[in-house]
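Results of the structural survey
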Amino acid sequence: MPYFDHSDNDVKEMLKYLGKNKVEELFFSIPQELVIKTPPIITGPLSEQELLSSIEDTLEDATTYKEIFRGAGAYRHFIPAAVDEISSRQEYYTAYTPYQPEVSQGSLQTMFEYQTMMSELTGLPVANASMYDGASATAEAALMAWHFNRRNKVIISGGVHPEYLTVLNTYLKNTGIKIEMLPLKEGTVDLQKLSAIDMSDVSSVIIQNPNFLGFLEKMKDIKKQSGNAVLIYVTNETHSLAVLQTPAEAGASICCGDAQSFGQPLAFGGPYLGFITCSEEFLHLLPGRIIGATYDHHGKRAFVMALAAREQHIRRERATSNICSNHAMSAVRAAVYLSLLGTDGLKSAALLSVKRAHELKEALSTLKNVEFIEKDKPFFNEFSAKLKINDRVFSESLQKHSILGPLELSRFNSSFKNYYLFTATEMNGRAGTELLVEAVKEASL
Amino acid sequence: MNPNVNEKLIFEMSKKGRSGSFIPECTDTSCIPSEYLRDKPPKLPSVPENEVVRHFVRLSMLNHGVDKGTYPLGSCTMKYNPKVNEKAARFKAFSNLHPYQDEDSVQGILKILYELGEDLQAISGMDGITLQPAAGAHGELTGILMCRAFHTSNGNPRVKILVPDSSHGTNPATAAMCGYKVQTLKSNNSGTIDIDTLNKNMDEDVAALMITNPNTLGIFENEISDISEIVHRKGGLLYYDGANMNAIMGYMRPGDTGFDMVHFNLHKTFSTPHGTGGPGAGPVAVKKHIIPFLPYPTVNSTGDRYFFDYSNRQTSIGKMRAFYGNFLVLLRAYLYIRANGYSGLKRTSELAVLNANYLKKKISHNFTAPSSRDTFHEFVLSAQNIKKETGVNTLDISKRILDFGIHAPTIYFPLIVKEALMVEPTETETKENLDFYAEIMEKIIAEARSNPEELHKAPHKTPVSRPDEVRANRRPILKALSLPEKED
Amino acid sequence: MQNYLYTKDHEWTLQEGNRARVGISDFAQEELGDIAYVELPEIGTKVKQGDTVCSIDSLKSSSEIFAPFTGTIVEINEKLKKEENCEIINKDPLGEGWIFVIEMEDPNELDALMNEEEYKKMTEEE
């Protein structure tokens, strides 16, 4: 057994102390007919050397790209070296949920600082210590709203990430809550259609901003048309929070989504960082851990998990959620990331991403085989376009230059054939942009 | 660091113009019409890199972790996190993969996911698996949603879920999220499921029985074959909460003992770091009849090519999250399983059970035991006797343990045991560590008799003493109150 | 002396004409520990005897409060909306720490409740 073993003598002594001859005797309460007769076959044991070399072999079958123009809820932003350094500290990653605050002040204060930052970014006063990911956080936010007003209808914008919508459907399937889709019009929320909806039985209106196609939504106008339904602001490009009107300014009372952009690597989709922030009236419905400040018996500032009576281990079947372990380590990374960048650094990363995306769009607009969806609507760091290209030629030339190109939207909806979602961040240089534009041009039909 | 002085909040260290340089400066907002912009910039800290690093390093040092000392938190399986897994998880090649890359460009990754799935199925004796769930509770939710989809496909979703009174709080919370009523089964005197009670409550309204085996008292439900027969005879499903899987690897497979679904806690049994509360991973393995309901996509193979399989889309419960799963967590578990092989996993359970039994015998004479039955990888004792005799309760004892560089046990759980202490040493503690733990316990019990006041005030040597939790709840302060204004 | 009547769920009621004031017993507050949150019902809510009216959280527990009678909630203790005031339930459960007032449809339901002595006997047996 790697990593750890007892000496034979220790085992013997321990067994003797227990009055047993063999370790197997400790398992005698498993009925004999249930005990495994033929061990199943799995690979191993491997030595550390073999393990590493096997994983390095496997990695040869995984392509990483120099330039990534793909986002759609997973963004490659620059991650300062100190983020990896801090999150590699065993003091953080080998600890668990801070059940004993006296020996967990490090985790607790870090999460308290993270909550403060998320509250500051979204403008909403309450933040929890993390959720799993943006999609499940959105589903849990809809459940919060439902527990709040017990109305049985959710309006969700067609501009919300399609996978988030699928997850919402999965979570809400057995609650009796009806999900009504509000299709986009010309790339953004159809305000007229929204205004025609009778809001008296609507629990929440869920809007993603910037939306899945990259466009900015007129959040204040949406709020006006949402009556007294709970406005849930979803974002999965949290860099936008540094620049755009805050969810609170827009009138949202819950903000949720994925803060992967705050220092989490792409990592093939996880772990990321689900988050929820909300106004005070939702405090006792907020799922997950919440860290609060208090004093210890000597009057020293101390942090604890607060309002635990909301949670499953106390409230059991009456809890609004079953969440227990969350993505605390991702929150630690986000706290370090945001502390390092500060306001100016985060704004720079956000605005550079915006700039790169606009430069890319500008460059593409000179091509005849590119047709933008809504040429003039404001967008953040993503935009969509219809490309008239030979797919094979396009992908070969991208491959040649180690570029991960834009995302084909037909992946989510077959009626979007030939439509692509382009993404840029501060990581995309001018040279990469030129190569991508060249590839689109070369592949022209 | 002066132990009497607080580590400042990062915001309290902030001064204008102190930020580091990580990204080329950009202040150009001209691409976005002004009505879309926020009124004021957010007040994030402005602190130079070296001070940020020192701040978080100092904070981290206030934590107790597995790498620092024994962490026998019952039900959480706080075992050693192998460093080779950390190294691999930080390979740049893994961090830079986009989830929407074409399958052809990530064959090696899909291979890892596929093989991990195969391994977990082999270990549990099941036929299909999803790797999507991000935690054990998320896995439970996936499982019970599938249970509901299964019954619905047979014409009736049924109305309730049975759980024993010793169950984890996540079980009833999960059932409620899936629209089920929860019925709690009273355990018998030996702490296991009472067959008569089960028989009385098991009818065709019951969708599933959720249990852990061994249960939360560490006792094996040895009547599991009867339990399975009773549940299945009425058309119910049997759900295995894998929180206690560390006890039985190599000896028993849930799939061979009648379970229809199993969730794993990779951060417990398979050594992925607990990360101060996640991310973990909670894959769910199922028997053939549940496969149609698995979240899509699953990972499949044609033999020489790996791919995402969407073929059950029509019957599936849908998706539990965006993308496919917590890949970097799954990777670590994959490596752990291969480093151990089946023989290593079996040895893991053997030593986990040996350690728990050894420690139990060493300390149990001080307490009362809720059951006389043999226990496996963890055990529960009650300090009710100490409380009656000295006034010192479980909380006091667990706080005093912290003074000796050891983490406290899980306390006041399971709910059916008064003044409960739930201890799970795991396999990765030496005999010396266990002897030390026992020695500490003797000392603390002696103190309870000689100087109970000291215990009420414990701990004494930790970075803070007992925080005022009443205040934290009655006057909740959930963020830094006044942030320094950013000067422009 | 005021005539407190008790339910088996450790709630007290005090009749005020066709209305009754409701709170939790001293025994209950002692068992629950420091109360930190009360999820109050809305005024005008109609309830049937035995329905869950609201819930009450201490640091380590959460309990439901059941309607002792069928009727309508006509008053709630506004003070309890603030977490910091919840200590009045611990300090003065039978007075300042009342939770809501219910207008009874059938005051005969009062007859089924326990008087102080009977309730005391019940808690001693628990």
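**Here we look at a negative patch on the surface**
A grouping of E56(A), D57(A), E60(A) and D61(A) is seen on the molecular surface, where their side chains present a negatively charged patch. Tracing the sequence through the fold places E56(A) in helix α2 (residues 48-59).

**Some points on the domain arrangement of chain A**
Residues and elements named next belong to chain A. Taken domain by domain, chain A comprises domain 1 (67-76 + 343-442) and domain 2 (81-337). Once you take the C-alpha centre of each, domain 1 and domain 2 turn out to be 28 Å apart. Taken together, the contacts link 24 residues of domain 1 with 27 residues of domain 2. Regarding the contact of domain 1 and domain 2, the summed buried area is about 2,200 Å², with carbon and sulfur atoms giving 69% of it. The largest contributions to the domain 1 side of the interface with domain 2 come from Y75, L346 and F380, which together make up 29% of the buried area. One can count zero salt bridges joining domain 1 with domain 2.

**Observations concerning the sheet that holds strand β4 (residues 35-39) of chain C**
All names here are of chain C. The strand order across the open sheet built from three strands is β4-β6-β7, with neighbouring strands paired in antiparallel fashion. Both edges of this open sheet fall to β4 and β7 (62-66), since each of them pairs with a single strand only. Strand-to-strand twist in this sheet, taken as the mean axis angle between neighbours without regard to direction, amounts to 25°. Pairing between strand β6 (residues 52-58) and β7: five bridges, direction antiparallel. Bridge assignment links D57 to a residue of β7, and that residue is S62.

**Side note on the nonpolar core**
Judged by nonpolar contacts, the single largest core of 222 residues is most densely connected at F270(B) and I397(B). In terms of residues, this core owes the most to one element, helix α9 (residues 327-363) of chain B, which gives 20 residues. Excluding anything up to four places from it in sequence, F270(B) contacts L120(B), I123(B), M249(B), F264(B), N265(B), A333(B), Y336(B), I337(B) and L345(B). In this structure, A127(A), C255(A), L273(A) and A293(A) belong to the second largest nonpolar core, which totals 82 residues.

**As for the interface of chain B and chain C**
Counting from both sides, the interface comprises six residues of chain B and, opposite them, 10 residues of chain C. In terms of surface lost to chain C, no three residues of chain B exceed V470(B), N473(B) and R474(B), which account for 73% of the buried area on that side. At the junction of chain B with chain C, the criterion picks out two salt bridges. Salt-bridge contacts for K60(C) lead to E469(B); the nearest nitrogen and oxygen are separated by 3.7 Å. In this structure, the connection of chain B to chain C is made through three residue pairs in polar contact (both at pLDDT 80 or more). A class-by-class count of the residues in the side of chain B that touches chain C yields two nonpolar, one polar and three charged.

**Quick notes on the sheet that holds strand β10 (residues 379-382) of chain B**
Residues and elements named next belong to chain B. With antiparallel pairing, the three strands of this open sheet are ordered in space as β10-β12-β11. One side of each edge strand has no neighbouring strand; the edge strands of this open sheet are β10 and β11 (410-411). Along the sheet face, α9 touches β10 and β12 (420-423) and points at about 15° away from the line of β10.

**What about the interface of chain B and chain A?**
In this assembly, 204 residues from chain B lie in contact with 184 residues from chain A. A buried area of about 16,700 Å², summed over both sides, lies between chain B and chain A, and 65% of it is on carbon and sulfur atoms. Ranking the residues of chain B by area buried against chain A places Y36(B), Y100(B) and L478(B) at the top, with a combined share of 5%. Joining chain B to chain A, the criterion identifies six salt bridges. In this structure, D5(A) engages R347(B) in a salt bridge whose closest nitrogen and oxygen atoms are separated by 3.0 Å. On inspection of chain B and its partner chain A, the count reaches 86 residue pairs in polar contact (both at pLDDT 80 or more). At 28 residues, the largest contribution of residues to the side of chain B that touches chain A is made by α9(B). A breakdown of the residues in the side of chain B that touches chain A according to their chemical character gives 107 nonpolar, 56 polar and 41 charged.

**Quick word on the pairing of strand β3 (residues 19-24) of chain C**
All names here are of chain C. Among the six residues in β3, five count as buried, and that is most of the element. As judged from the six bridges shared by strand β2 (residues 11-16) and β3, these two strands associate in the antiparallel manner. Across the sheet, the residue bridging to W12 is G23, located in β3. Count of turn residues in the β2/β3 antiparallel hairpin: two residues, of which G17 carries a positive phi of about 70°.

**Topic: the environment of R356(A)**
All names here are of chain A. With respect to the secondary-structure elements, R356 resides in helix α12 (residues 328-364). Residue classification places R356 among the buried positions, given a relative accessible area of 15%. Sequence separation between R356 and A95 is 261 residues; the distance between their C-alpha atoms is 40 Å. With residues near it in sequence (within four places) discarded, R356 still touches A424, T425, N428 and R430.

**Points about the packing of helix α5 (residues 105-122) of chain A against α12(A)**
Geometry of a packed helix pair, given as the angle between the helix axes and the separation of the axes. Residue and element names in this part refer to chain A. At a minimum axis separation of 9 Å, α5 and α12 run at an interaxial angle of 50°. Classed by the angle they form, the pair α5 and α12 counts as oblique. In the packing of α5 onto α12, the handedness of the crossing is left-handed. Where α5 approaches α12, its residues T110, M111, Y114, M117 and L121 are matched on the opposing element by A328, A331, V332, A334, A335, L338, S339 and L346. In terms of residue class, the contact of α5 with α12 is made up of 11 nonpolar, two polar and no charged.

**Some words on the pairing of strand β9 (residues 254-258) of chain A**
Residue and element names in this part refer to chain A. Most of β9 sits out of view: five of its five residues are buried. Of the two faces of β9, the one lined by I254, C256 and D258 and the one lined by C255 and G257 are each fully buried. Pairing of strand β8 (residues 230-235) with β9 involves four bridges; the strand directions are parallel. Considered in β9, the bridge of V234 is made with C256. Here β9 pairs with strand β10 (residues 274-278) via five bridges, running antiparallel.

**Details of the pattern of salt bridges**
One pass over the structure, following the stated rule, counts 46 salt bridges over all chains. The partner of R54(B) in a salt bridge is E51(B), and the shortest N-O contact between them spans 3.0 Å. Highlighted residues: R54(B) and E51(B), both in helix α1 (residues 49-60), separated by three residues, approximately one helical turn. Residue classification places R54(B) among the partly exposed positions, given a relative accessible area of 46%. Assessed through its relative accessible area of 23%, E51(B) is described here as partly exposed. Linked by salt bridges that have partners in common, E13(A), K362(B), K431(B) and D435(B) make up one network.

**Remarks on unusual backbone geometry**
Cis rather than trans, the peptide bond between G270(A) and P271(A) has omega equal to 5°. Of note, P271(A) is situated in the loop between β9 and β10. Backbone torsion omega between N213(B) and P214(B) reads 0°, so that peptide bond is classified as cis. Residue position: P214(B) is located in the loop between β4 (206-211) and α8 (224-233).

**A short note on the packing of α9(B) against helix α12 (residues 431-450) of chain B**
Residue and element names in this part refer to chain B. For the pair α9 and α12, interaxial distance at closest approach is 9 Å and the crossing angle is 25°. Put simply, α9 runs roughly parallel to α12. Viewed along their axes, α9 and α12 form a crossing whose handedness is right-handed. Along its contact with α9, which presents N355, Y358, L359, K362 and I363, the element α12 presents K431, L434, D435, Y437, A438, M441 and E442. Of the residues that constitute the contact of α9 with α12, the class distribution is seven nonpolar, one polar and four charged.

The rules behind each value
Residues numbered from 1 in each chain as written. Chains lettered and ligands numbered in written order. Predicted model: local features only at pLDDT ≥ 70, side-chain atom pairs only at ≥ 80, totals over all residues. Heavy atoms only, no water. Patch = residues over 30% accessible without salt bridge, like charges linked within 9 Å, V, L, I, M, F, W, Y side chains within 5 Å. Areas by Shrake-Rupley, 256 points an atom, 1.4 Å probe, with all protein chains shown as cover. Salt bridge = Lys/Arg side-chain N within 4 Å of Asp/Glu carboxyl O. Lys, Arg positive; Asp, Glu negative; His and termini not counted. Charge placed at Lys NZ, Arg CZ, Asp CG, Glu CD. Helix = DSSP H or I, 4+ residues; strand = E, 2+ residues; numbered from the N terminus. Domains from an automatic or database assignment. Contact = heavy atoms within 4.5 Å. Buried area = accessible area lost by both parts, 1.4 Å probe. Pairing = 2+ DSSP bridges. Axes fitted to C-alpha atoms, helices over the stretch in contact; angles between N-to-C directions. Core = buried A, V, L, I, M, F, W, Y, C linked by side-chain atoms within 4.5 Å. Buried < 20%, exposed > 50% of the residue type's maximum accessible area, 1.4 Å probe, protein only. Polar contact = N/O pair within 3.5 Å; in protein donor to acceptor, adjacent residues only side chain to side chain. Nonpolar A, V, L, I, M, F, W, Y, C, P; charged D, E, K, R; others polar. Parallel < 35°, antiparallel > 145°, perpendicular 65-115°, else oblique. Left-handed = near helix turned anticlockwise from the far one by under 90°.

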